[in-house]
Amino acid sequence: MTRESGSEAGLDERAVLLAAGLADLAVSTVSAGLGAVRGLLRRSDAAEVAVEAERDLEARGRLVLDRYASPPPAHLEVLARHVLARRADDDV
């Protein structure tokens, strides 16, 4: 492929190169993933690894839901609680 900067052919060539690069990345990622799965299936403790992976996924799910599902407390509300807690400490 020849390189023509700034022309339509150059943009087409660039798009093809990007698509080929992405396809190669996808294939290598899938190959690496399949190799990892094969390695896990050969392990004698595969059941324990699966249970641990399930727990990790549940924990990640909780973190994601906590992060995005519930809105964070209002900034002024947090400051007001700190002030009340300090006043309570000062009165003791």
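Quick note: structure is the one above.
Summarised in this report is the structure supplied together with it.

About the thresholds
- Residues numbered from 1 in each chain as written.
- Predicted model: local features only at pLDDT ≥ 70, side-chain atom pairs only at ≥ 80, totals over all residues.
- Heavy atoms only, no water.
- Helix = DSSP H or I, 4+ residues; strand = E, 2+ residues; numbered from the N terminus.
- Rg over C-alpha atoms; globule rule 2.2 N^0.38 Å.
- Buried < 20%, exposed > 50% of the residue type's maximum accessible area, 1.4 Å probe, protein only.
- Lys, Arg positive; Asp, Glu negative; His and termini not counted.
- Charge placed at Lys NZ, Arg CZ, Asp CG, Glu CD.
- Expected span 1.5 Å × (residues − 1).
- Salt bridge = Lys/Arg side-chain N within 4 Å of Asp/Glu carboxyl O.

**Let's talk about the overall build of the protein chain**
Each helix and strand in the protein chain was counted, giving three helices and zero strands. When the elements of the protein chain are put in sequence order from the N terminus, they spell out α-α-α. For a compact globule of 92 residues, the expected C-alpha radius of gyration is about 12 Å, and the protein chain comes in at 27 Å, more than 25% above that figure. Counting only C-alpha atoms, the protein chain reaches 80 × 55 × 20 Å along its principal axes. By the burial criterion, 2% of the 92 residues in the protein chain qualify as buried. Side-chain charges in the protein chain split into 12 positive and 16 negative, and the spacing between the mean points of these groups amounts to 3 Å.

**Focus: helix α3 (residues 75-91)**
Here α3 spans 25 Å end to end across 17 residues, near enough to the 24 Å set by a 1.5 Å rise per residue. Along α3, only zero of the 17 residues are buried, which leaves the element largely exposed.

**Brief notes about the pattern of salt bridges**
Counted under the stated rule, the structure contains one salt bridge. Residue Arg81 pairs with Glu77 through a salt bridge whose shortest N-O separation is 3.3 Å. Of the two residues, Arg81 and Glu77 both sit in helix α3, four residues apart, roughly one turn of that helix. Look at Glu77 and you get partly exposed, because its relative accessible area is 39%.

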